[in-house]
Amino acid sequence: MSGVNVNYEEYDLPNGMHVILHRDHTLPIVAINLWYHVGSKNEHEGETGFAHLFEHMMFQGSENVPANMHFHHVQSAGGTLNASTSFDRTNYYETLPAHQLELGLWLESDRMNSLAVTEQTLETQRNVVMEERRSRYDNQPYGTMLMELFARAYKMQPYRWPTIGSMTDIQSASLEQVRAFHRMYYRPENATLCLAGDFGTGTAQELIAKYFGPIANGDGEMYRPFIHEPPQTTQVRDYVYDSIPLPGLVVGMHIPDMNAPDFIPLDILSYILTSGESSRLYHRFVYESRIAQSILSFAYDLELPGLFIFRIIAQQGKTPEMLESMLWKELEDVRRNGVTASELQKAKNRIETMFVRAVSSLQSRADLLNSFRVLAGDAAKLNEHRERIHAVTQEDVQRAAATYLTEHNATCLHYLPYPKKSSEQ
Amino acid sequence: MTDSRNTTLDRSRPPKPGVPKDVPFPDYFEHTMANGMKVIVYEDHSLPIAAVNVVARGGSYFDGAHPGLASMTAELLTKGTATRSATDIVEDIEFLGGSIGSGAGWDSMSVGISILSRHLDRAMEVIADTVRQPSFPDEEVERVREQRLADILQARSSPSALAFERFSSAVYGTHPYGLPQDGTEHTVAALQSPMMHDFHRERFTAGNMFITAVGDVEPERMVEIAERLFGDLGGEAVPSPDGSVIALPETRPVQVVDRPSAVQSSILIGHAGIARNHEDYIPVFLLNMLLGGYFGSRLNLNLREDKGYTYGAHARFDARRQAGPFAAGAEVRNEVTDRAIEEILKEMEQMRGAPVSEEELEKVKNYVTGSFPLQIETAAQVAQRIVMIEIYGLEKDYYTKFNSRILALSAEDIQRTAQTWLHPDRAAIVAAGRGSLLRNTLERFGPVELFDAKGARIPDVESQAQDT
């Protein structure tokens, strides 16, 4: 193994905010990466999309930073920035020239400390988010595949609605809800700040204490759903019509959460099956039999139990039935005969190279440290991850396939083009 | 820490910045072999990984009567050689944890790998084989053709792809930039292995190629590898496209691609832009940044943050060997399509009509010059810029001088640049969206021509009826 190690130190502020510092003086740049442990899974039915809409509102003004001035300050300082929301967490990040570190801390702490939003900025962002939903999902071929899959695979877990939310719910979000959400979840004890790059440890600690130390925690207990689906005993199937030229197949099987022992063998299995043109299923579906135009699979790493997902688009003239029957045949083979030593070694080699690529930028290093801290409970797991990958055996992979990649555990959706009207033929 | 909690902190003003450090564009090593092939190495040993690209000058611009030829030739380089099958090639590289890819741009074709540096020698042998003796086997040609025909079909349901294809055709007509780089259904169907052999033979010559290696690799090691694998290769440089000017139309076309089920319109507005090695490129770059190049740009603040019409509005000069397209655009909900177009045209006009304020100019300059170190953070980012220098014949110190040239621009320079390079009155207006709605609402910008997803004109039944 290549021995790439990400060094860091970490501590808590007295108000409970966790801090991770990773120093690297190669270039005078600093990455600020702030995670709040809240995502769409903390929402309730009827209020879907709220965590993500709220993320937009975090750019709409705080006590000392008027609407849109957050962008203005960062970009005027030569920085880049963004934010994202997932099922489990929300992150905010800036990459700045090193001499502007304090500016970034001032900005992030001001919007953790206070929010100054108005009915008008909320109305605009509701519209922006509805356009985001159209651009990325509704108006995008196959854009709804994952949300349709999750809606059917889960009956109870709060992953059954998409992070972007429903149009109706987005429209009905109120200013009072925005403020309450901020008080509830955007508190220091629910946040982890990671700095990566060119700074002195002492200076960084002083500045962080100065800006984040005085922020108090709100009252009330945060809603942290710990809901597990009952085991699925029979297959779920459905058909979705979409404006697409080629039919597709999306399949999801229930798997354990990202921290469970079986997760890593499943992750490795997805590399063996579909990562790269020499992978087993790419070779069978796309290269050899040519029944698919593309295939991908992944073990979704989530805090609550997730899904192992296959997404396959048919080649012209091929049907979802053909894709599905070949998929079951191939999975039967994995369950029965396992994977070869060479396939396993290749997957490990690819994961190692991808890891090295992933840590090549400061911002992604900071995001990885936060990810392991917030979702896996300990940033140290970032550096242990390699060893855990290395330890996986052929037997582990076969057992994981036999346990989870089964027909009764699957939700299968066939995506079909709208039937043609006679005038279009 | 107790101290800071008890002190009342004044948050009302942004803190003063520290002292900035200068970040020069990194120096890199160059060596020209006896046969004319150049080897460029940028060393960065912070991670045990290396990326190598073997690049030939000239790309899709030279497709001639066979649109899609450069792109398909490049893809097939890694799909079989005299001694290796497609499966051998990908299996070899992927087993080592690496990835291999090949492709064509408008002005170059290349094969590239990214791999842990300890495997570099073995990977380079595979790369050299794909570049020197690709076999373009018929079976692989058919396989790639089938994939590409399916891709073309797929693109017909992508609003942004439909808008861009129509836009390119409206702006460039029969010029090579008017057709898709990956070709059309007809041209892809006609591509054959012998054409690819010829295209490859003409361009992958020693005098027309260069190698860039970045990351965990020493110049001596790379030169030794290159001499061993490419030293005996011959052949001259091939001429590049000239800098000929592309005429703008006298009137502006208004074209709609009909997507009956669309819930948004994908809008593109623009015209032929600037050549990459034109002396005005840097002022044009800054002008575009102000108009639609970053979050704080006029288009995004207007269409997204003020009006809420879109998730994001943008503008871009895609500079190529000849004047590539300038396009401003956004994806907006159906009902506001005409208003969004009006705002985009207004913002273009505004850049010509009045100088930008000093505050706005300073902000964009700070953004461009301040974020420069972020653009050269990884070895791969540095490599991209070195390739630009080579392909477009820029000065070796182009990126070293970049920031000072940006800082020297005045508000008057920007306005003058806008008057030369932005032409809202002669810009093509293209929208992919619901034809029945757009045909009426877009009339006020000019006569609307309607097209289907395959690019065929849809006759305007109503106006025909009125004419007769």
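Residues numbered from 1 in each chain as written. Chains lettered and ligands numbered in written order. Predicted model: local features only at pLDDT ≥ 70, side-chain atom pairs only at ≥ 80, totals over all residues. Heavy atoms only, no water.

Asks: Lay out the overall build of chain B in plain terms, naming residues and giving numbers.
Replies: Counting secondary structure elements, chain B contains 19 helices and 13 strands. In terms of C-alpha radius of gyration, chain B reaches 25 Å, essentially the compact-globule figure of 23 Å for 468 residues. Over its C-alpha atoms, taken along the principal directions, chain B stretches across nearly 80 × 70 × 45 Å. When burial is assessed residue by residue, chain B has 57% of its 468 residues classed as buried. When contacts within chain B are restricted to residue pairs at least 6 apart in sequence, those whose partners lie at least 24 apart make up 81%. Of the charged side chains in chain B, 47 are positive and 67 negative, and the gap between their average positions amounts to 4 Å. (Helix = DSSP H or I, 4+ residues; strand = E, 2+ residues; numbered from the N terminus. Rg over C-alpha atoms; globule rule 2.2 N^0.38 Å. Buried < 20%, exposed > 50% of the residue type's maximum accessible area, 1.4 Å probe, protein only. Contact = heavy atoms within 4.5 Å. Lys, Arg positive; Asp, Glu negative; His and termini not counted. Charge placed at Lys NZ, Arg CZ, Asp CG, Glu CD.)

Asks: I'd like a rundown of the confidence of the model for chain B, residues and numbers included.
Replies: All names here are of chain B. Summarising the model, chain B shows a mean pLDDT of 93, and 97% of its residues fall at 70 or more. Considering only residues more than four positions removed or in separate chains, one finds that residues 1–6, a stretch of pLDDT under 50, has 9 contacts. Every residue in residues 463–468 scores below 50 in pLDDT, and together they form 1 contact with partners more than four places removed in sequence or on other chains. (pLDDT = per-residue confidence, 0-100.)

Asks: Describe the interface of chain B and chain A, with residues and values.
Replies: Each side of the interface is counted separately: chain B has 76 residues, and chain A has 83 residues. Both faces considered, chain B and chain A share a buried interface measuring about 6,900 Å² in area, 55% of it formed by carbon and sulfur atoms. Scanning the region where chain B abuts chain A turns up 7 salt bridges. Two residues, Arg 333 of chain B and Glu 131 of chain A, come together in a salt bridge whose shortest N-O distance is 3.3 Å. Scanning the region where chain B abuts chain A turns up 37 residue pairs in polar contact (both at pLDDT 80 or more). A per-element tally of the side of chain B that touches chain A places helix 5 (residues 138–155) of chain B first, with 10 residues. Grouping the constituent residues of the side of chain B that touches chain A by class yields 31 nonpolar, 21 polar and 24 charged. (Buried area = accessible area lost by both parts, 1.4 Å probe. Salt bridge = Lys/Arg side-chain N within 4 Å of Asp/Glu carboxyl O. Polar contact = N/O pair within 3.5 Å; in protein donor to acceptor, adjacent residues only side chain to side chain. Nonpolar A, V, L, I, M, F, W, Y, C, P; charged D, E, K, R; others polar.)

Asks: Residues and numbers for the packing of helix 4 (residues 119–138) of chain A against helix 11 (residues 298–306) of chain B, please.
Replies: Taken N-terminus to C-terminus, the directions of helix 4 of chain A and helix 11 of chain B make an angle of 100°; their axes are 8 Å apart at the nearest point. Comparing the axis directions of helix 4 of chain A and helix 11 of chain B gives the class roughly perpendicular. Between helix 4 of chain A and helix 11 of chain B, the residues in contact are Thr 124, Gln 125 and Val 128 of chain A and Arg 304, Glu 305 and Asp 306 of chain B, respectively. Its residues assigned to classes, the contact of helix 4 of chain A with helix 11 of chain B shows 1 nonpolar, 2 polar and 3 charged. (Axes fitted to C-alpha atoms, helices over the stretch in contact; angles between N-to-C directions. Parallel < 35°, antiparallel > 145°, perpendicular 65-115°, else oblique.)

Asks: Report on helix 15 (residues 379–391) of chain B, specifying residues and quantitative values.
Replies: Residue and element names in this part refer to chain B. If you check helix 15, its first and last C-alpha atoms are 18 Å apart, about what 13 residues at 1.5 Å a residue would give, namely 18 Å. All of the buried residues along helix 15 are Ala 379, Val 382, Ala 383, Arg 385, Ile 386, Val 387, Ile 389, Glu 390 and Ile 391. Just beyond helix 15, the residue with positive phi is Gly 393, at close to 60°. (Expected span 1.5 Å × (residues − 1).)

Asks: Describe the sheet that holds strand 11 (residues 410–417) of chain A, with residues and values.
Replies: Hydrogen bonds between backbone atoms are what pair the strands of a sheet, whose relative direction is either parallel or antiparallel. All names here are of chain A. Taken in spatial order, the 5 strands of this open sheet run 7-11-8-10-9, and their pairing is mixed. Edge positions in the open sheet fall to strand 7 (236–242) and strand 9 (292–299), since each of these has one partner strand only. Here the average twist between neighbouring strands, direction ignored, is 15°. Two elements, strand 7 and strand 11, share 7 bridges in a ladder whose sense is parallel. The residue bridging Val 240 from the neighbouring strand is Tyr 415, located in strand 11. Helix-sheet contacts for helix 10 (residues 280–288) involve strand 9 and strand 10 (307–314), and the interaxial angle to strand 9 is about 160°. (Pairing = 2+ DSSP bridges.)

Asks: Give me the lowdown on the nonpolar core, citing residues and values where you can.
Replies: Among the nonpolar cores identified, the biggest contains 96 residues, and Ile 269, Met 351 and Leu 442 of chain B are the most heavily contacted of them. Once you skip the residues sitting within four places of it in the chain, Met 351 of chain B turns out to touch Leu 287, Leu 290, Leu 291, Arg 298, Val 356, Ile 414, Gln 415, Ala 418 and Leu 422 of chain B. Ranked by size, the runner-up nonpolar core spans 57 residues in total, among them Ala 51, Ile 164 and Phe 181 of chain A together with Phe 295 of chain B. (Core = buried A, V, L, I, M, F, W, Y, C linked by side-chain atoms within 4.5 Å.)

Asks: Account for the sheet that holds strand 1 (residues 9–12) of chain A, naming residues and giving values.
Replies: Residues and elements named next belong to chain A. Across the sheet, 6 strands lie side by side as 1-2-6-3-5-4; this open sheet has mixed pairing. In this open sheet, the two edge strands, each paired with only one partner strand, are strand 1 and strand 4 (80–85). Each neighbouring strand pair of the sheet contributes to a mean axis angle of 15°, computed without reference to strand direction. Here strand 3 (residues 29–36) runs beside strand 6 (residues 191–197); their pairing, made up of 7 bridges, is antiparallel. Bridge pairing in strand 6 links Asn 33 to Cys 194. The strands that helix 8 (residues 201–212) touches are strand 1, strand 2 (18–23) and strand 6; relative to strand 2, the one it contacts most, it runs at about 150°.

Asks: Give me the environment of Ile 309 of chain A: which residues, what numbers.
Replies: All names here are of chain A. Among the structural elements, Ile 309 can be located in strand 10. Residue class for Ile 309 comes out buried when judged on its relative accessible area of 0%. Each C-alpha atom of the pair Ile 309 and Cys 412 lies 10.0 Å from the other, and the pair is 103 residues apart in sequence. Once residues within four sequence positions are removed from consideration, Ile 309 is found in contact with Leu 146, Leu 149, Phe 150, Val 250, Val 251, Gly 252, Leu 296, Ser 297, Phe 298 and Tyr 300.

Asks: Lay out the pairing of strand 7 (residues 254–258) of chain B with the relevant residues and their values.
Replies: Residue and element names in this part refer to chain B. Buried residues dominate strand 7, accounting for 4 of its 5 residues. Where strand 7 and strand 11 (residues 428–433) come together, 5 bridges link them in parallel fashion. Bridged to Val 256 within strand 11 is Ala 431. Bridge count for strand 7 against strand 12 (residues 448–451) is 4 bridges, and the pairing is parallel. The partner of Val 254 across the bridge, within strand 12, is Val 448.

Asks: Got a sec to walk through the pattern of salt bridges? Specific residues and values, please.
Replies: Two side chains carrying opposite charge are able to pair once their charged atoms lie near each other. Under the counting rule described, the total for this entry stands at 64 salt bridges over all chains. Glu 94 of chain A serves as the salt-bridge partner of Arg 111 of chain A, at 3.6 Å between the closest nitrogen and oxygen. Taken together, the residues span a long stretch of sequence, with Arg 111 of chain A in helix 3 (residues 101–113) and Glu 94 of chain A in strand 5 (residues 90–97) at a distance of 17 residues. In this structure Arg 111 of chain A comes out as buried when scored by relative accessible area, which is 1%. Assessed through its relative accessible area of 0%, Glu 94 of chain A is described here as buried. Put simply, Arg 304 of chain B and Glu 305 of chain B hold a salt bridge, and the shortest N to O gap is 2.6 Å. A relative accessible area of 10% means that Arg 304 of chain B is categorised as buried. For Glu 305 of chain B, a relative accessible area of 10% corresponds to the buried category. Residues joined in a network through salt bridges with shared partners are Asp 27, Glu 30, Lys 38, Arg 57, Glu 390 and Lys 396 of chain B.

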